[in-house]
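# Descriptive analysis of the structure
In case you want the letters, here they are:
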Amino acid sequence: MTSADRRWWHGLAVRGIFWRKFVDWSVRVLPAFLHRPLIWIAAVLFFFVASPARKALLRNLRAVLRGSWRVVNYFRVIRVFVNFGWSLTDVAAYRMKKARFRYELEGGRFLEQLGAARGAIVLTAHMGNYDLGAALFAERFDREIRLVRAPEPDALAAQHVDLALQQSSAGAVKVGYSDDGTSLALDLLNGLRAGEIISIQGDRVVGEVARAPVKLFNREVFLPNGPFVLSLISETPIYPLFIVRTGYRKYKIIARQPISSFRGTGSRDQAIAEAMQNWARVLEEIVQSYWPQWFAFTPLR
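Note that the structure is predicted; figures quoted are calculated from it, not measured.

### A look at the side chain of H126
Note on placement: H126 falls in the loop between strand 2 (120-124) and helix 6 (130-141). On the basis of relative accessible area, H126 is assigned to the buried category, the value being 6%. Looking at H126, its side chain comes within polar contact range of the side chain of Q201, at 3.1 Å. In this structure H126 touches Q201, D203, R204, Q293, W294 and F295, once residues within four positions along its chain are discounted.

### Quick word on the environment of P224
Note on placement: P224 falls in strand 7 (residues 219-224). Along the backbone, P224 and A212 are 12 residues apart, and their C-alpha atoms lie at a distance of 6.5 Å.

### Let's talk about the sheet that holds strand 5 (residues 197-201)
With respect to topology, 7 strands assemble into an open sheet ordered 1-9-8-2-5-3-4, the strand pairing being mixed. Two strands bound the open sheet, and with one partner strand each, they are strand 1 (102-106) and strand 4 (173-177). Looking at each pair of strands side by side, their axes are set apart by 25 degrees on average, direction ignored. Sitting on the sheet, helix 5 (residues 108-116) touches strand 1, strand 2, strand 5, strand 8 (238-247) and strand 9 (250-255), and the angle it makes with strand 8 is about 125 degrees. Packing of helix 9 (residues 226-234) onto the sheet brings it into contact with strand 2, strand 5 and strand 8, and relative to strand 2 it is tilted by some 160 degrees.

### Quick notes on the confidence of the model for the protein chain
Mean pLDDT over the protein chain stands at 86; residues scoring 70 or higher make up 88%. Predicted confidence is poor over residues 8-12, with pLDDT under 50, and the contacts of this stretch with residues over four places away or in other chains come to 11 contacts.

### Brief notes about the packing of aromatic side chains
Under the counting rule described, the total for this entry stands at 15 aromatic pairs. Where W19 meets F46, the ring centres are 5.1 Å apart and the plane angle is 70 degrees; that geometry is what we call edge-to-face. Of this pair, W19 sits in helix 1 (residues 17-29) while F46 sits in helix 2 (residues 35-49), and the two are 27 residues apart along the sequence. We classify W19 as partly exposed; its relative accessible area is 25%. Judged by relative accessible area, which is 15%, F46 ranks as buried. Between the aromatic rings of F81 and F297, the centroid separation amounts to 5.9 Å while the plane-to-plane angle is 40 degrees, which identifies the pairing as tilted. Highlighted residues: F81 in helix 4 (residues 70-97) and F297 in the segment after helix 10 (268-289), separated in sequence by 216 residues. Look at F81 and you get buried, because its relative accessible area is 9%. Positioned above the aromatic ring of F47 is the side chain of R54, whose terminal nitrogen or guanidinium carbon lies 5.5 Å from the ring centre.

### A short note on the pattern of salt bridges
By the definition in use, this model includes 7 salt bridges. The partner of E106 in a salt bridge is R256, with the nearest N and O atoms 3.0 Å apart. Of the two residues, E106 sits in strand 1 while R256 sits in the loop between strand 9 and helix 10, which places them 150 residues apart along the sequence. With a relative accessible area of 17%, R256 lands in the buried category. Sharing partners across several salt bridges, the network here consists of E106, K252, R256 and E285.

### As for the pairing of strand 6 (residues 211-216)
Burial along strand 6 is one-sided: A212, V214 and L216 are buried, while R211, P213 and K215, pointing the other way, are not. Sheet analysis places strand 6 next to strand 7, joined by 6 bridges and oriented antiparallel. Note that in strand 7 the partner of K215 across the bridge is E220.

### Section: the environment of A157
Tracing the chain through its elements places A157 in helix 7 (residues 155-168). Judged by its relative accessible area of 0%, A157 is buried. For the pair A157 and I17, spaced 140 residues apart in sequence, the C-alpha to C-alpha distance is 4.5 Å.

### Considerations on a nonpolar patch on the surface
Taken together, the side chains of F18, F22, W25, V29, F33, L34, L38 and I41 present a nonpolar region at the surface, about 730 Å² in accessible area. Listing elements by their share of the nonpolar patch, those giving two or more residues are helix 1 and helix 2. Sort the elements by how many residues they give to the nonpolar patch and helix 1 lands first, with 4 residues. Along the polypeptide, L38 turns up in helix 2. Owing to a relative accessible area of 31%, L38 belongs among the partly exposed residues under this scheme.

About the thresholds
- Residues numbered from 1 in each chain as written.
- Predicted model: local features only at pLDDT ≥ 70, side-chain atom pairs only at ≥ 80, totals over all residues.
- Heavy atoms only, no water.
- Helix = DSSP H or I, 4+ residues; strand = E, 2+ residues; numbered from the N terminus.
- Buried < 20%, exposed > 50% of the residue type's maximum accessible area, 1.4 Å probe, protein only.
- Polar contact = N/O pair within 3.5 Å; in protein donor to acceptor, adjacent residues only side chain to side chain.
- Contact = heavy atoms within 4.5 Å.
- Pairing = 2+ DSSP bridges.
- Axes fitted to C-alpha atoms, helices over the stretch in contact; angles between N-to-C directions.
- pLDDT = per-residue confidence, 0-100.
- Phe/Tyr/Trp six-rings, centres within 6.5 Å; stacked < 30°, edge-to-face > 60°.
- Lys NZ or Arg CZ within 6 Å of the ring centre and 35° of its normal.
- Salt bridge = Lys/Arg side-chain N within 4 Å of Asp/Glu carboxyl O.
- Patch = residues over 30% accessible without salt bridge, like charges linked within 9 Å, V, L, I, M, F, W, Y side chains within 5 Å.
- Areas by Shrake-Rupley, 256 points an atom, 1.4 Å probe, with all protein chains shown as cover.

Listed below in structure tokens is the structure:
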């Protein structure tokens, strides 16, 4: 959508720029004790107006929590919306007020390996607070990180996200979008060979990105296979990494054993398929433990 095509109400869409600016205003102007009730009010509002996201969450929760009751899952959807509100609020507080966050580590030795690696792929999910996690990682290890994410449906919201990440990380986090096609793939490959750290969200397929089937929650779904192709070609390990909220301005950073896509005696396709299934097992474990923070607003396919 070009600027000439925009109307004032476009910014009021569920993923429009208005809501992100409203979060910024709330953090900048309102006292912190008002954030919690505002987040709950917004979560209930979005439960009713964000119909596609609500339906996707309900469908995904049935897969994650097998045998769960639909009526109970309605309340779980609101809980997911609340956690998403906290993630936006915390990022804004870190960027605008330099708020300090406490965090604990799980799998610290893998995180140290990642921090010292010359070239690595971080594979994460739409979970917890991945934007804050990227900024904290860049600060802790004094490393630049390239964050690849799905494109925002609203161009102004995309600009806001890019600027917010640059400000919160002092420019150490660079953003690329998964719909940039071949040029992005070549750019990422060159970056890995130059020793960069690339962070990619690998829990859902958006648009026309390359994909391959895996078994997840006892069903066949498609996940992006680009990170694994990059890993194989560049001979770079993949580090599963998640950051989940555990309390007020408190997070847990979870790192898992690196996944290798390197070809052994089998074919390239076999190596990629095995690495993807290893990732699916890690993803399933984390999502089942922290489902209230899995922001899967599109259905698994």
